[in-house]
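# Survey of secondary and tertiary structure
Below, each chain spelled out in residue letters.
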Amino acid sequence: MNATGPLILAIDQGTTNTKAILVDVAGQVVARASTALHVTYPQPSWVEQDAAAIWQSVQQVMQEVLATTETPPAAVGISNQRESVVLWERATGAPLAPCVIWQCQRGNALVETLRTPGVAEEVHRRTGLELDPMFSASKMRWLLDNTPAARRRAEQGELCLGTIDSWLIFKLTGGRVHACDMTNAARTLLFNLHTLDWDEEMLRLFGIPRQALPVVSPSTGVIGHTAADGALPAGIPIAAAIGDSHGALVGHAGFAPGAVKATYGTGSSVMTPVATPILSQRGLSTTIAWSQPGQATYALEGNIYATGATIQWLGKLFGWEDSAATVTELAAACPGSEGVYLAPAFVGLGAPWWNARARGMIYGLTLGSGAPQLARAALESIAYQIYDIFAAVQEEAGIPLTTLHADGGASANALLMQFQADLVQCPVRVS
């Protein structure tokens, strides 16, 4: 495809894949690349990745797409898996521990000690989030407490803590910039939705030194400039950064209250913009949808730990090489789950239940149950979880939701999308 004018390099660093595309001024994708990432589970409910491998995957996909053109990009934009945390040396840029992934529950012991009268309510009031180990703060505290000399070094400014966007910005700028965007900051339990800055009370509560955290930047605007790295030239502005779920809402042009999208990834996010912060009473998060210099747009969101991950788990259980294709084929041949239900609480339940101790279960098995019924139940479990949040969002926002916008890998599954539409009783528009 022939490019029109300057090109933008877009990086999407997800849980299981890292992708890059080049986009021209006409909005055409002129090159794309993707590479898979390995996720490890060292203990029950622990989830982590190699932080260096995450950066190497970004370098790989950048070089693949940039090799297709002699024109350097005019700007770089980043979207990323949220809540995941990296700890690294400021001087060398070397990670000091694995990246603790957003699904990981290793911070639950700390969270349980904080559940004293009034604390969860104050956390919710300040940050808009539930006091839950999915969010970054307990992961940051765990890394500081379990990495040799980390707390002392972090307090002295020698170490950096941050979400994936800050890790990539640091590496892309050759260590000159330690910054994150506001949407990612709003997922940490350390960011005050009302002051739009790190919250000193939350920093004290979780024991996180502010000097180790990134500067919070708007989602749009120049955050820094690249250092030369392989095919990537020096001096290219990093002009946007945003959490992947927020980027999906922007991609659907969901700019006004009443628009709602569901991302069907490893986990899922259901999000709708709201005019002002709403303190949810139904298990939803209030967060930043996106931000511009001097202005933030808010959103209501529900987060699900395992949707696409459920399909991957089922494929691993049965040894299927292509779990998504096999589940689709088996489920399509089965008119219903025949009373089989799968609750995919592999690392607990997220919104609207927020039960970190819940565990997965299968109900309704008979001697006639087999792989087709389990495949159907796995697909349906995704739709049921989305429906729970869709209903809560509609009730909380007080606005009729007339269309559900869908994106992510599983949104290509026509059977799932039809079942979802039947549950939410409105059209599902697939990206």
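See the structure printed just above.
Structure report, in brief. Everything numeric in this text was worked out from a predicted model, so none of it was measured.

As a further point, take the overall build of the chain. Helix and strand content of the chain: 13 helices and 22 strands. Relative to a compact globule of 431 residues, whose C-alpha radius of gyration would be 22 Å, the chain shows 21 Å and is just as compact. With an accessible surface of roughly 17,000 Å², the chain has 54% of that area assigned to carbon and sulfur atoms. Each charge class in the chain can be summarised by its mean position, and for the 25 positive and 35 negative side chains these summaries are 6 Å apart.

Moving on, we get to the pattern of salt bridges. A complete count under the given rule lists 19 salt bridges for this structure. Its salt-bridge partner being Arg-187, residue Glu-301 comes within 3.0 Å of it at the nearest N-O pair. Taken together, the residues Glu-301 in strand E18 (residues 295-304) and Arg-187 in the loop between helix H7 (182-185) and strand E10 (191-192) connect sequence positions 114 residues apart. Of the two residues examined, Glu-301 and Arg-187, each falls in the buried class. Bridged by salt links that share partners, the residues Arg-82, Glu-83, Arg-187 and Glu-301 form one connected network.

A separate point is the packing of aromatic side chains. Geometry of an aromatic ring pair is reported as the spacing of the ring centres plus the angle between the planes. One pass over the full model with this rule turns up 10 aromatic pairs. Considering the side-chain rings of Phe-135 and Trp-354, the 5.7 Å spacing of their centres and the 40° angle between planes classify their relative orientation as tilted. Taken together, the residues span a long stretch of sequence, with Phe-135 in the loop between helix H3 (119-127) and helix H4 (136-146) and Trp-354 in the loop between strand E19 (341-343) and strand E20 (361-363) at a distance of 219 residues. Residue Phe-135 is classed as buried on the basis of its relative accessible area of 0%. Here a set of aromatic residues connected by ring pairs shows up, and it is made of Trp-88, Trp-167 and Phe-170. Directly above the ring of Trp-142 sits Arg-106, whose terminal nitrogen or CZ lies 4.6 Å from the centroid.

Taken as a whole, this structure holds one cavity of 30 Å³ or more when the rule is applied. Size it by volume and the largest cavity reaches roughly 50 Å³. As for the largest cavity, its lining consists of Arg-376, Leu-379, Glu-380, Leu-415, Leu-416 and Phe-419. At the level of elements, helix H12 (371-397) and helix H13 (414-424) are the ones that each hand at least two residues to the lining of the largest cavity.

Let us now look at the layout of surface pockets. Approximately 580 Å³ is the volume found for the second largest pocket. Among the elements that make up the lining of the second largest pocket, the one with the highest residue count is helix H10 (residues 308-318) (five residues). Taken together, the residues that form the lining of the second largest pocket break down as 13 nonpolar, 10 polar and one charged.

Now for the sheet that holds strand E5 (residues 75-80). A sheet is described by the order of its strands in space; here six strands give the open sequence E3-E2-E1-E5-E14-E13, paired in mixed fashion. Each edge of the open sheet is held by one strand with a lone partner, namely strand E3 (29-36) and strand E13 (220-225). Along the sheet, successive strands turn relative to each other by an average axial angle of 25°, direction set aside. Pairing of strand E1 (residues 7-13) with E5 involves six bridges; the strand directions are parallel. Among the inter-strand pairings, Ala-10 is bridged to a residue of E5, identified as Gly-77. In this fold helix H6 (residues 164-172) packs onto E1, E5, E13 and strand E14 (237-243), with an angle of close to 150° to the strand it touches most, E5.

Calculation notes
- Residues numbered from 1 in each chain as written.
- Predicted model: local features only at pLDDT ≥ 70, side-chain atom pairs only at ≥ 80, totals over all residues.
- Heavy atoms only, no water.
- Helix = DSSP H or I, 4+ residues; strand = E, 2+ residues; numbered from the N terminus.
- Rg over C-alpha atoms; globule rule 2.2 N^0.38 Å.
- Areas by Shrake-Rupley, 256 points an atom, 1.4 Å probe, with all protein chains shown as cover.
- Lys, Arg positive; Asp, Glu negative; His and termini not counted.
- Charge placed at Lys NZ, Arg CZ, Asp CG, Glu CD.
- Salt bridge = Lys/Arg side-chain N within 4 Å of Asp/Glu carboxyl O.
- Buried < 20%, exposed > 50% of the residue type's maximum accessible area, 1.4 Å probe, protein only.
- Phe/Tyr/Trp six-rings, centres within 6.5 Å; stacked < 30°, edge-to-face > 60°.
- Lys NZ or Arg CZ within 6 Å of the ring centre and 35° of its normal.
- 1 Å grid on protein atoms, 1.4 Å probe; cavity = no way out; pocket = protein on both sides within 12 Å on 5 of 7 lines; lining within 4 Å.
- Points joined across faces, edges and corners; volume = space filled by probe spheres on them.
- Nonpolar A, V, L, I, M, F, W, Y, C, P; charged D, E, K, R; others polar.
- Pairing = 2+ DSSP bridges.
- Axes fitted to C-alpha atoms, helices over the stretch in contact; angles between N-to-C directions.
- Contact = heavy atoms within 4.5 Å.

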